[in-house]
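Residues per chain, in single letters:
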Amino acid sequence: MTATGTADRPHRVGFVVFDGVTMLDVSGPAEVLHQSGKLGHPYELVLVSPGGGAVTAANGLTLSGTVTAPDAGPVGTVVVAGGDRLAQQPAEEELLCTTRTLADRATRVTSVCTGAFVLAELGLLDGRSATTHWRQAGTLARRYPLVRVEPDAIHVRDGRFVTSAGISAGIDLALALVEDDHGAAVARDVARELVVFMQRPGGQSQFSAATTTPPPRTDPLRSLIASVLADPAADHSLPAMAATAAVSTRHLTRLFRTELGTTPARWVERVRLDRAQHLLLEGHSVTSAAHHSGLGTDETLRRAFARHLDTTPTHYRSRFASTRGRSSTA
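Residues numbered from 1 in each chain as written. Predicted model: local features only at pLDDT ≥ 70, side-chain atom pairs only at ≥ 80, totals over all residues. Heavy atoms only, no water.

### Focus: the packing of helix 10 (residues 249–260) against helix 11 (residues 264–281)
Logical step 1: Contact geometry for helix 10 and helix 11: axes closest at 9 Å, N-to-C directions at 65°. With respect to helix 11, the axis of helix 10 lies roughly perpendicular. Here Leu252, Thr253, Phe256, Arg257 and Leu260 of helix 10 come into contact with helix 11, specifically with Pro264, Arg266 and Trp267. (Axes fitted to C-alpha atoms, helices over the stretch in contact; angles between N-to-C directions. Helix = DSSP H or I, 4+ residues; strand = E, 2+ residues; numbered from the N terminus. Parallel < 35°, antiparallel > 145°, perpendicular 65-115°, else oblique. Contact = heavy atoms within 4.5 Å.)

### Focus on the sheet that holds strand 5 (residues 77–80)
Logical step 1: Strand order across the open sheet formed by 6 strands is 2-1-5-6-10-9, with mixed pairing between neighbours. One side of each edge strand has no neighbouring strand; the edge strands of this open sheet are strand 2 (43–48) and strand 9 (155–158). Averaged over neighbouring strand pairs, the angle between their axes works out to 20° when direction is ignored.
Logical step 2: For strand 5 and strand 6 (residues 108–111), the ladder comprises 4 bridges, and the chain directions are parallel. Opposite Val79, over in strand 6, you have Thr110 as the bridge partner. (Pairing = 2+ DSSP bridges.)

### Some thoughts on the side chain of Thr132
Logical step 1: Relative to the helices and strands, Thr132 is located in the loop between strand 7 (129–130) and helix 5 (137–143).
Logical step 2: Of note is the side chain of Thr132, whose polar atom sits 2.8 Å from the backbone oxygen of Cys113. (Polar contact = N/O pair within 3.5 Å; in protein donor to acceptor, adjacent residues only side chain to side chain.)

### Here's the deal with the nonpolar core
Logical step 1: By size, the foremost hydrophobic cluster in this structure holds 62 residues, and its most contacted members are Phe15, Val26, Leu63, Val78, Leu102, Val118 and Leu125.
Logical step 2: Here the element with the most residues in this core is helix 6 (residues 169–182); it accounts for 6 residues.
Logical step 3: Among all residues touching Phe15, those that are not within four sequence positions of it are Val26, Pro29, Ala30, Leu33, Leu45, Val46, Leu47, Val48 and Val79.
Logical step 4: Among the nonpolar cores identified, the runner-up in size contains 15 residues, and Leu224, Ala242, Val247 and Trp267 belong to it. (Core = buried A, V, L, I, M, F, W, Y, C linked by side-chain atoms within 4.5 Å. Buried < 20%, exposed > 50% of the residue type's maximum accessible area, 1.4 Å probe, protein only.)

### Focus: the confidence of the model for the protein
If pLDDT is low for a region, its predicted coordinates should not be looked at in detail.
Logical step 1: Of the residues in the protein, 88% reach a pLDDT of 70 or more, and the chain-wide mean stands at 88.
Logical step 2: Residue range residues 323–330 is modelled with pLDDT below 50. Its contacts to residues more than four positions away, or to other chains, number 0 contacts. (pLDDT = per-residue confidence, 0-100.)

### Quick word on helix 3 (residues 93–105)
Note on helix geometry: an α-helix contains 3.6 residues per turn, so any two residues three or four positions apart are oriented the same way.
Logical step 1: Taking 1.5 Å of rise per residue, the 13 residues of helix 3 would be expected to cover 18 Å, and the 19 Å separating its terminal C-alpha atoms lies within 8% of that figure.
Logical step 2: For helix 3, every residue scored as buried is listed here: Leu95, Leu96, Thr98, Thr99, Leu102 and Ala103. An end-on view of helix 3 places all buried positions within 160° of arc, on one side of the element. Among the exposed residues of helix 3, those oriented more than 90 degrees off its buried face are Glu93 and Asp104.
Logical step 3: Contacts from the buried residues of helix 3 go to strand 1 (11–16), strand 2, strand 5, helix 2 (84–88), strand 6 and helix 4 (115–121). (Expected span 1.5 Å × (residues − 1). Arc of directions from axis to C-beta.)

### Details of the pattern of salt bridges
Opposite charge on two side chains makes pairing possible when the charged atoms of those side chains draw close.
Logical step 1: On inspection of all chains with the given rule, the structure shows 11 salt bridges.
Logical step 2: Across the salt bridge formed by Asp180 and Arg157, the nearest N and O atoms sit 2.5 Å from each other. Separated by 23 residues along the polypeptide, Asp180 in helix 6 and Arg157 in strand 9 bring together distant segments of the chain.
Logical step 3: With a relative accessible area of 27%, Asp180 lands in the partly exposed category.
Logical step 4: With relative accessibility at 41%, the residue Arg157 sits in the partly exposed group.
Logical step 5: One network of salt bridges, in which partners are shared, links Arg128, Arg148 and Asp158. (Salt bridge = Lys/Arg side-chain N within 4 Å of Asp/Glu carboxyl O.)

This is the structure we're talking about:
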């Protein structure tokens, strides 16, 4: 579903904001749409909050001049920005009502980062695919089991709903909207102007970490996980882990399924990959990273990178090892 807009009647986009909103969830997409307007494909942006007036972002900066949903007028696209508190507890009724009012009359409803929690709380994502920040994907899936959460996606489109990953992924989302509305060439020109990827390589997994696994509830699994994290390269076959946890292999598999939603082998591979990522960024060669992480060979490491991160070890290191760009020499 697209929205073209003209110079006389630009497509109106309503940003749902609130106290504690993540500023980049708003400013990133807004800048993309502003740059589209400079290229002759305008959008009219309006900030909408439950109470109107000024709201304070999480970083302390103020967004002024927001209006309430009844005063916003018709909006073709809704962008629900995120904020940390949305993943910690359900959104308050005023924010839900604001979003519902805008969403009911919009042709396209989108979210950035944890803004997906607002759409999910309203039931708008039931039976649909969606995404959010990688750190909160598990929480979204547990709290709203009718939502098909895709934790690795940068943005997911399902009908008139488009959800995006964390924070800067709002820029990717807005570029996708511009491409829908005005074509790839316009979106590409905007991406060039902002010096960002038209479509960033890989998914969210390359930014996440397996070691952020929530602590298990049972003592045997908690001790085992601590043991694996302490030495990923040790023998962590299923029999060896079952012996460490003093349970049967069948029971250990059941514990992993119940508490972590995965298998022992898959979890160990992800931990080893996480360790290999750190080793590469510390300057280890591919061979050294494979050996010291427990993945073993260069080929095993490359396959793990391709399977989980959709990139190669070399490309990963070149993109994440340093913030320093190319240097010129005298």
